[in-house]
Amino acid sequence: MPLSAAARPFLLLSTSVLLLAGCAAAPEASPEVESGASADYCARMVTNSGGLQDRSFNQSSWAGLERAGEELGIDADVIVSTTETDLAPNVAQAVESGCSFVLTVGYELAAATLEEAEQNPDVHFSIVDEVVEAENVKPIIFDTAQAAFLAGYLAAGVTETGTVATFGGGNQPPVTLFMDGFVDGVAHYNEVKGTDVRVLGWNKQAQDGVFTGDFEDVNKGNTTTKNFLDQGADVILPVAGQVGEGAAAAALEAGNGLIIWVDNDGYETLPAEYRPLVLTSVLKNTADAVVDIVGADVNGTFDNAPFVGTLKNGGVDIAPYHDLEERVGADLAAEIDALREDIVAGTIEITSPSTP
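In this report, the structure presented in the accompanying data block is examined. If you're wondering where the values come from, they're calculated on a predicted model, not measured in any experiment.

Looking now at unusual backbone geometry. Of note in the backbone geometry, D129 takes a positive phi value of approximately 65° without being a glycine. Among the secondary structure elements, D129 is positioned in the loop between strand 4 (124-128) and strand 5 (137-142).

In structure tokens form, the structure reads like this:
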């Protein structure tokens, strides 16, 4: 999830993402590397301004590159950005390291990635959650609306107040894609069950809603969530990086709210006191994608076809219900499993203006 400092339009440094129809195949967990191919190979990752331990896509991207280092026997390291002024210099530093592969994360790094890629055609780049088109740049993007649809249906099935909510860090397609899927999942539940569960915080038709304006200030997440709780919402989906931890804190303090995390399993990455509140998480399997892409590069088979994670290829999904499995119940869990199968089969199509 991008950590842009303000709401900005999705940066497409290329032709339309509709060209992604020929996207890359599903990532493999451990690509086979030709003997000796990785002897002198090194890779560098550059975080955006959210830092490394953001409980979001910087953290999961590094987990993938770190794993690639261990499994492929390569030199892997990370350059951490803490402010926007770090971004371009850090990408330049990654290139100057002499490494063959540079991984960048998020919208903030798109312009710097394109600039360095054009100036260094022999270096291979990959960028997470953004589309940058160049011969030597491979985008890693995710159709999170598919998984968020399941999370929305789940939220509608679990709510005790008939009201759920979502908010974002910025009005950008990688953020609003989650929100679109979530709203559609609630709407599908209402259609199937004849209920009227409300969603606060996002209007899909207007493509407008509640945003904190950044992805780092946990106090904004706390305040935003308290407002939702005061309006009767009891399941909250924050799509806002570290800001979401403020949402979890507000729910814990109120004692009557649940959280749906994004990008990675919040049950595993958030502080332990929030575990009883994590209903599920909308997952992006960034780590496996990174391992697969680096492995291909080590073997000399790098390409710039975007990897698009879907339910079908395992690039997105929702996390287990953990401590709340009993509250979800077997019947609702089975309905969600059936919905997943219908989306994979194409029986149900999840659409959004931001669909990759």
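Having seen the structure, we can now continue with the description.
This part covers the state of the cysteines. Inspection of the entire model under this criterion finds one disulfide. Between the sulfur atoms of C42 and its disulfide mate C99 the distance is 2.1 Å. With the S-S bond torsion at -120°, the cross-link from C42 to C99 turns out left-handed. With a gap of 57 residues between them, C42 in strand 1 (residues 42-46) and C99 in the loop between helix 2 (87-96) and strand 3 (101-105) connect regions that are remote in the sequence. Per residue, the accessibility class of C42 equals that of C99, and both read buried.

With that settled, consider the packing of aromatic side chains. Under the defined criterion, the tally for this structure stands at four aromatic pairs. Ring centres 6.3 Å apart and planes at 35° place the aromatic pair F167 and F228 in the tilted group. Of the two residues, F167 sits in strand 6 (residues 163-168) while F228 sits in helix 6 (residues 218-230), which places them 61 residues apart along the sequence. Assessed through its relative accessible area of 0%, F167 is described here as buried. Over the aromatic face of Y267 sits the side chain of R275, whose NZ or CZ is 5.0 Å from the ring centroid.

Spatially, six strands are ordered 7-6-10-11-12-14 in an open sheet, and the strand pairing comes out mixed. The strands lining the two open edges of the sheet, one partner per strand, are strand 7 (198-200) and strand 14 (316-318). When strand polarity is set aside, the average angle formed by the axes of neighbouring strands in this sheet is 15°. Pairing of strand 6 with strand 7, which is carried by three bridges, proceeds in the parallel orientation. Pairing of V164 across the sheet is with V199, part of strand 7. Where helix 6 meets the sheet, it contacts strand 6, strand 7 and strand 10 (235-239), and its direction lies at approximately 155° from that of strand 6.

It is worth spelling out the packing of helix 6 against helix 7 (residues 243-254) at this point. Two elements in contact, helix 6 and helix 7, have axes whose closest approach is 6 Å; the angle formed by their N-to-C orientations is 45°. When the axes of helix 6 and helix 7 are compared, the pair comes out oblique. Between helix 6 and helix 7 lies a crossing whose hand is right-handed. Between helix 6, through V218, K220, G221, N222, T225, K226 and L229, and helix 7, the contact on the second element is made entirely by V243, E245, G246, A247, A249, A250, A251, E253 and A254. Taken together, the residues of the contact of helix 6 with helix 7 sort by class into eight nonpolar, four polar and four charged.

What follows is about the side chain of D129. With relative accessibility at 5%, the residue D129 sits in the buried group. One polar contact links D129 to K284, side chain to side chain, over a distance of 2.6 Å.

Here the focus is the environment of I140. Relative to the assigned elements, I140 resides in strand 5. For I140, the residues in contact, after removing those within four places along its chain, are L103, S126, I127, V128, D129, E130, A289, V290, I293 and F307.

Definitions and cut-offs
- Residues numbered from 1 in each chain as written.
- Predicted model: local features only at pLDDT ≥ 70, side-chain atom pairs only at ≥ 80, totals over all residues.
- Heavy atoms only, no water.
- Helix = DSSP H or I, 4+ residues; strand = E, 2+ residues; numbered from the N terminus.
- Disulfide = S-S within 2.5 Å.
- Buried < 20%, exposed > 50% of the residue type's maximum accessible area, 1.4 Å probe, protein only.
- Phe/Tyr/Trp six-rings, centres within 6.5 Å; stacked < 30°, edge-to-face > 60°.
- Lys NZ or Arg CZ within 6 Å of the ring centre and 35° of its normal.
- Pairing = 2+ DSSP bridges.
- Axes fitted to C-alpha atoms, helices over the stretch in contact; angles between N-to-C directions.
- Contact = heavy atoms within 4.5 Å.
- Parallel < 35°, antiparallel > 145°, perpendicular 65-115°, else oblique.
- Left-handed = near helix turned anticlockwise from the far one by under 90°.
- Nonpolar A, V, L, I, M, F, W, Y, C, P; charged D, E, K, R; others polar.
- Polar contact = N/O pair within 3.5 Å; in protein donor to acceptor, adjacent residues only side chain to side chain.

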